[in-house]
Amino acid sequence: MINSLFGQFSPDTIAWIPLQIISSLAATIWLFFLFPTNTFSGRVFYVWNKIRFESIKILFQNTKQEANSWTLILTSIFFIILSINLIGLFPYAFTISSHISFTYSLAIPVWMSVNILGFYLAFNSRLSHLVPQGTPPGLIPLMVWIETISLFAQPMALGLRLAANLTAGHLLLFLLSTATWVLSNNITLGLLTLIILILLFILEIAVACIQAYVFTALAHFYLDQNI
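The structure presented is a predicted model; accordingly, all values stated were derived computationally and were not measured.

J.: How do you make sense of the UniProt feature "transmembrane region" (unreviewed entry) in the protein chain when you look at a structure like this?
T.: Residues annotated by UniProt as "transmembrane region" (unreviewed entry) correspond here to residues 14-35, 70-94, 100-123, 162-183 and 189-222. Along residues 100-123 one finds 96% helix and 0% strand; the C-alpha atoms at either end are 31 Å apart. Secondary structure over residues 162-183 splits into 95% helix and 0% strand, and the C-alpha atoms at its two ends are 32 Å apart.

Here it is in structure tokens:
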């Protein structure tokens with residue numbers, strides 16, 4: 001079924017209603033739980049606040065005092081990526097964070113912001129980082145090139161890591177779900193493939209959370225280097 005690898009994104013319909021619209025509405029219902037209303041109890045809002053505060057505690061447990069003003073921005077980025085990753089696990093919902101056009105649109109501005117801030121606050125100190133302490137004079141030009149390339153590779157790796165991990169996981173889910181359907185006539189193989197599919201789906205939920213954390217943690221690390 002390799003020829004229909006991306007057939008899951010075709011505009012299928014139910015009663016002439018595109019399934020993308022139905023899945024999008026189902027995936028965004030969680031937004032109603034974010035604010036206390038008469039419909040939903042305050043306990044749901046309490047659980048959401050608990051999750052939010054614990055996430056902030058984990059993300060910024062070793063942050064510098066100068067980086068406190070970035071807490072809101074990085075926390076927003078974390079929950080945006082987390083929400084998109086989890087919504088992408090719904091049927092007929094496509095994970096846009098598996099596209100480098102989206103991941104780079106987040107990674108490059110964040111990287112540029114923290115580095116411009118770093119050069120603005122301590123220009124000489126930032127330049128000195130291009131030459132590690134104790135470097136022999138003959139290797140200084142080479143080390144400057146290596147450190148410069150390493151600096152510009154940071155946003156590339158930041159965006160590519162997120163897109164590559166999510167794309168690989170979703171392709172595995174699609175291939176295993178196809179194999180489960182094809183092997184459904186064979187009870188033993190079909191059941192074994194289904195169990196593997198369920199375990200992989202649980203793993204993908206963990207990957208969706210971990211990748212959101214890794215992206216935000218690396219952005220926070222770059223910020224600490226520049227402040």
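J.: Got a minute to help me understand the environment of T180 in this structure?
T.: Take T180: it is sitting in helix α6 (residues 140-182). For T180, a relative accessible area of 14% translates into the label buried. Distance from T180 to L192, taken between C-alpha atoms, is 8.6 Å for residues twelve residues apart in sequence. Once you skip the residues sitting within four places of it in the chain, T180 turns out to touch G190, T193, L194 and L197.

J.: Can you help me understand helix α4 (residues 100-121) in this one?
T.: For an α-helix, the turn length of 3.6 residues means that residues three or four places apart are oriented alike. With 22 residues, α4 ought to run about 32 Å at 1.5 Å a step, and its terminal C-alpha atoms sit 31 Å apart, in line with that. Turning to α4, its buried residues number three or more, namely F102, T103, Y104, L106, A107, V110, W111, V114, N115 and G118.

J.: Can you help me understand the packing of aromatic side chains in this one?
T.: Between two aromatic rings, the relevant description is the distance of the centres plus the angle of the planes. Scanning the entire structure with this criterion turns up three aromatic pairs. Note on F78 and F79: the rings are 5.1 Å apart at their centroids and 75° apart in plane angle, and the pair reads as edge-to-face. Of the two residues examined, F78 and F79, each falls in the buried class. A centroid spacing of 5.5 Å and a plane angle of 55° characterise the contact between W111 and F152, whose relative ring orientation is tilted. Remark: F152 occurs in helix α6 and W111 occurs in helix α4; sequence separation between them is 41 residues. Of the residues examined, W111 reaches a relative accessible area of 10% and is grouped as buried.

J.: Sorry if this is basic, but what is going on with the packing of α6 against helix α7 (residues 187-226) here?
T.: Each pair of packed helices gets described by two things: the angle between the helix axes and the distance between those axes. Relative orientation of the contacting elements α6 and α7 amounts to 170°, with a least axis distance of 9 Å. Considering the angle they form, α6 stands roughly antiparallel to α7. Its residues placed into classes, the contact of α6 with α7 shows 17 nonpolar, ten polar and two charged.

J.: Mind showing me how you'd approach the nonpolar core here?
T.: In globular proteins that are soluble, nonpolar side chains generally tend to be buried together. L74, I77, F78, I81 and F215 are the most contacted members of the largest nonpolar core, which totals 27 residues. Those elements that provide at least two residues to this core are α2 (42-59), α3 (71-87), α4, α6 and α7. It is α3 that provides the largest number of residues to this core, a total of seven residues. Listed in part, the five residues of the second largest apolar core include L89, L173, L197 and L200.

The rules behind these values
Residues numbered from 1 in each chain as written. Predicted model: local features only at pLDDT ≥ 70, side-chain atom pairs only at ≥ 80, totals over all residues. Heavy atoms only, no water. UniProt positions renumbered as here; feature names shortened; annotations may be inferred. Helix = DSSP H or I, 4+ residues; strand = E, 2+ residues; numbered from the N terminus. Buried < 20%, exposed > 50% of the residue type's maximum accessible area, 1.4 Å probe, protein only. Contact = heavy atoms within 4.5 Å. Expected span 1.5 Å × (residues − 1). Phe/Tyr/Trp six-rings, centres within 6.5 Å; stacked < 30°, edge-to-face > 60°. Axes fitted to C-alpha atoms, helices over the stretch in contact; angles between N-to-C directions. Parallel < 35°, antiparallel > 145°, perpendicular 65-115°, else oblique. Nonpolar A, V, L, I, M, F, W, Y, C, P; charged D, E, K, R; others polar. Core = buried A, V, L, I, M, F, W, Y, C linked by side-chain atoms within 4.5 Å.

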